[in-house]
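# A structural walkthrough
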Amino acid sequence: LSPAIAQDARSPSAAAPGGDIPAKFTPPVGNADYDKREMMIPMRDGTRLYTVIVVPKGATNAPIVLTRTPYDAMGRAKRSTSPSMLSTLPLADEGFVKAGYIRVYQDVRGKYGSEGDYVVTRPVIGPLNRTKVDHVTDAYDTIDWLVNKANLPESNGRVGMIGSSYEGFTVVMALLAPHPALKVAAPESPMIDGWMGDDWLHYGAFRLANIAWLGGQTGYKGEGKAPPTGGYDDYDNFRTIGSAGDWAKKSGYDQLPFWQRMIEHPSYDAFWQGQALDKLLAANPSNIPTIWEQGLWDQEDMYGAITAWEALKAKGKTGNNFLVMGPWRHSQINREGRSLGVFQWNGDTAAQFRDEMVLPLFNQYLKDGPPVALPAATIYNTGENRWDRFTTWPLACQEGCAAPLTPIYLQDDGALGFDKAASGEDSYVSDPAKPVPHLPRPVNFGDGRWGDWLVSDQRGVDGRPDVMTYQTPVLTRAVRVSGAPIADIFAKTTGTDGDFVVKVIDVYPDEVATDPKMGGYQLPIALDIFRGRYRDSFAKPSPIPAGKVQQYKFRLPTVNHVFQPGHRIMVQVQSSLFPLYDRNPQAYVPNIFLAKKSDYRKATVTIERGGATPSRVWLPVVPVDQSAAMVK
Ligand code: PG9
């Protein structure tokens, strides 16, 4: 140690008091072509929300695009540290940047830089939200501040909102009582109904895959961080522990208020109904031009966008209410859309959505750009690998469409066909100790397969004794399906509760010359799960009478697909899909979240075929040539 340094602690050579990390470090961005402002925008209750406003240098009269997020506004607005606005903002913003927009990201209350209390998908003010603020008021107050020239002189006073998933949910909330300056909206895979089919449950079956999200979101104030979890194989982690409630207890999640609220409401009661945004939209339909986006293989929010679009359509909103469904996983719309799993699409379909649909619509309403001729529904044709632009959608449905649904029946010896069999049954043992995995084991929710799992090859489970497989002969002509199939299963069980998983699958030819590894691939085009206790009422579950045939009828996700000649149509039926969904104990208990280990029982499930109880899937079969229903 040099004596001179040792003597004088204030020498520039000595470490500074407080250490080497300064409280604030802001390297100059050089000749940036933008100005990034961090603001605390006051809401009506005095709470201030952290907002990042990125303004192109020299902007005047520029429109604003707003995203409200629980996922770190600062991080969302920072793809890289660069003097270029294009490189700084995320890929999905490139079109807006090139068109001269002001881009705004805001932390929702209680998250990251924002003040206030965070409430998971905070419900609208009312019985489920006793405060005086919600995302409707926060969006309103934010827009009011942004269009005030004193705050943001560069703006033209017009705002569009965009965002995916939770960020899509905040867009939809803003539509319930919109600020007059909100001129256009793009909810992308928005969370609309957490019980029916988005994020938390599907027709009453709980999605274990989402449980860690809650820890990351609500375990700690401000910045999110996921609490520690257990072993690698989530199949074993969840199977050995018992119910979702047991897992939550072991992981400390029983301390989390949203978890406590959720397990009090396993059924579709006022808690879930009061938050269902399709219902709230139908009661408060807005006139704001809205483009709804959803992935055809969205593994998180498969239900919301199309249901909300349908709810508005039923209220007469047609000229300003647009649906786009692409060949995407959840939120893929923010990234590249050239492929999903092993499937390659016709170019970057996500960029096509952003550049050819969203941007022109935003330009029209925010910049007086030329009017855009968006069709009512733009849906990727996953069998012919191209976009279809429909003047009306769906092409076939139960009531009120140009074509009815066509039943395809489960037949003898694993056959599937348009003729009803005389009679017959198929039985399998559904054993909660050996549930059917949703992906080949080991399954770790963070192993990188989550995003693509809905297009995974179902041969992974085909052939298991507890998976019933039915398929048509090789098709000699193409079969087009355009709409939402409906599963309609008649079954009895030795248990008093049970789940039904139904999949509609496109089976590739045994040999695919252009891509040999695709030979025999079983591509699910629509699948979902239904919890049997809800067969008569979603709000009031009831035990299944053991040994008595019951009907399980539920809508499957929307498809726009052509089964090509040489392919087959397949339907699979099974009683678990694990660990994605929690297991049904198969013995009726009041609350499956709280089932005890001893409640889980094997059950023999018998699927009925033919006669008065013909298990079938109602398919939206229509002629292959639909050019008359399409915009060129
Ligand atoms: N699917 C996520 C989510 C949304 C809302 C509630 C819970 C989870 C998301 O991607 O934001």
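Residues numbered from 1 in each chain as written. Predicted model: local features only at pLDDT ≥ 70, side-chain atom pairs only at ≥ 80, totals over all residues.

Per an unreviewed UniProt entry, the protein is named CocE/NonD family hydrolase, and its organism is Sphingomonas alpina.

When you go through the protein residue by residue, the secondary structure sums to 14 helices and 28 strands. Taking 26 Å as the expected radius of gyration for a compact globule of 632 residues, we find that the protein reaches 26 Å, a close match to that expectation. The dimensions of the protein, computed from C-alpha atoms along their principal axes, are 90 × 60 × 55 Å. A buried classification covers 49% of the 632 residues belonging to the protein. In the protein, once contacts between residues fewer than 6 apart in sequence are set aside, the share between residues at least 24 apart is 73%. (Helix = DSSP H or I, 4+ residues; strand = E, 2+ residues; numbered from the N terminus. Rg over C-alpha atoms; globule rule 2.2 N^0.38 Å. Buried ≥ 20, exposed ≤ 12 C-beta atoms within 10 Å, placed from the backbone. Contact = placed C-beta atoms within 7 Å.)

Strand order across the open sheet formed by 3 strands is E24-E19-E28, with antiparallel pairing between neighbours. Where the open sheet ends on each side, the last strands, each with one partner, are strand E24 (559-563) and strand E28 (621-622). With 2 bridges joining them, strand E19 (residues 479-483) and E28 adopt antiparallel strand pairing. Residue Arg-480 lies in a different strand from E28, and its bridge partner there is Val-622. (Pairing = 2+ DSSP bridges.)

Along the chain, the position of Ala-595 falls in the loop between strand E25 (568-574) and strand E26 (603-608). Once the C-alpha coordinates of Ala-595 and Tyr-508 are considered, the two residues, 87 residues apart in sequence, prove to be 41 Å apart. Not counting chain neighbours up to four residues away, the residues in contact with Ala-595 comprise Ser-243, Pro-585, Val-589 and Tyr-600.

Assignment of secondary structure puts Val-108 in the loop between strand E4 (102-107) and helix H5 (135-146). Between the C-alpha atoms of Val-108 and Thr-51, which are 57 residues apart in sequence, the distance is 9.2 Å. Residue contacts for Val-108: discarding those within four places in its chain leaves Arg-68, Thr-69, Pro-70, Ser-114 and Thr-170.

What follows deals with the UniProt feature "domain: Xaa-Pro dipeptidyl-peptidase C-terminal" (unreviewed entry) in the protein. As annotated in UniProt, the feature "domain: Xaa-Pro dipeptidyl-peptidase C-terminal" (unreviewed entry) corresponds to residues 359-618 in the numbering used here. As a span, residues 359-618 carries 3% helix and 33% strand, and end to end its C-alpha atoms are 37 Å apart. (UniProt positions renumbered as here; feature names shortened; annotations may be inferred.)

Here the protein averages 95 in pLDDT, and 97% of its residues register 70 or above. Ranking the elements of the protein by mean pLDDT puts helix H1 (residues 3-7) last, at 52, and strand E21 (residues 499-507) first, at 99. (pLDDT = per-residue confidence, 0-100.)

With that out of the way, let us pick up the sheet that holds strand E2 (residues 48-56). Sheet architecture is open: 10 strands sit in the order E1-E2-E4-E3-E5-E6-E9-E10-E13-E14, paired in mixed fashion. Strand pairing shows two members of the sheet lacking a second neighbour, strand E1 (34-42) and strand E14 (386-390), which therefore form its edges. The sheet shows a mean angle of 20° between the axes of neighbouring strands, taken without regard to direction. In this fold helix H14 (residues 349-367) packs onto strand E3 (62-69), strand E5 (155-164), strand E6 (182-188), strand E9 (290-295), strand E10 (321-326) and strand E13 (377-381), with an angle of close to 165° to the strand it touches most, E6. (Axes fitted to C-alpha atoms, helices over the stretch in contact; angles between N-to-C directions.)

All buried positions along helix H8 (residues 234-241) are accounted for by Asp-234, Tyr-235, Asn-237 and Phe-238. Close packing links the buried residues of H8 with helix H9 (244-251).

With that settled, the discussion passes to the nonpolar core. Ranked by internal contacts, the top residues of the largest apolar core, which has 163 residues, are Val-54, Val-172, Ala-308, Leu-323, Ile-489 and Val-502. Considering each element in turn, this core owes the most residues, 9 residues, to H14. (Core = buried A, V, L, I, M, F, W, Y, C linked by C-beta atoms within 7 Å.)

A word on the pairing of E6. Among the 7 residues in E6, 7 count as buried, and that is most of the element. One ladder, built from 6 bridges, connects E5 with E6; its direction is parallel. Considered in E6, the bridge of Ser-164 is made with Glu-188. Between the parallel elements E5 and E6, the chain passes through helix H6 (residues 166-176) in a crossover that is right-handed. As judged from the 2 bridges shared by E6 and E9, these two strands associate in the parallel manner. Bridging from a neighbouring strand, Ala-185 pairs with Thr-290 of E9. (Right-handed = clockwise from strand over helix to strand, strands pointing away.)

On to unusual backbone geometry. Working note: non-glycine residues mostly have negative phi, and peptide bonds are mostly trans. Of note, the amide linkage connecting Arg-441 to Pro-442 takes the cis form, showing an omega dihedral of -5°. Take Pro-442: it is sitting in the loop between strand E17 (425-430) and strand E18 (467-471). The residue after Phe-578, namely Pro-579, is reached through a cis peptide bond having omega 5°. Inspection of the secondary structure puts Pro-579 in the loop between E25 and E26. At Thr-121, a residue that is not glycine, the phi angle is positive and equals roughly 35°. With respect to the element layout, Thr-121 can be found in the loop between E4 and H5. Looking at Thr-121, the number of C-beta atoms within 10 Å reads 20, which means it is buried.

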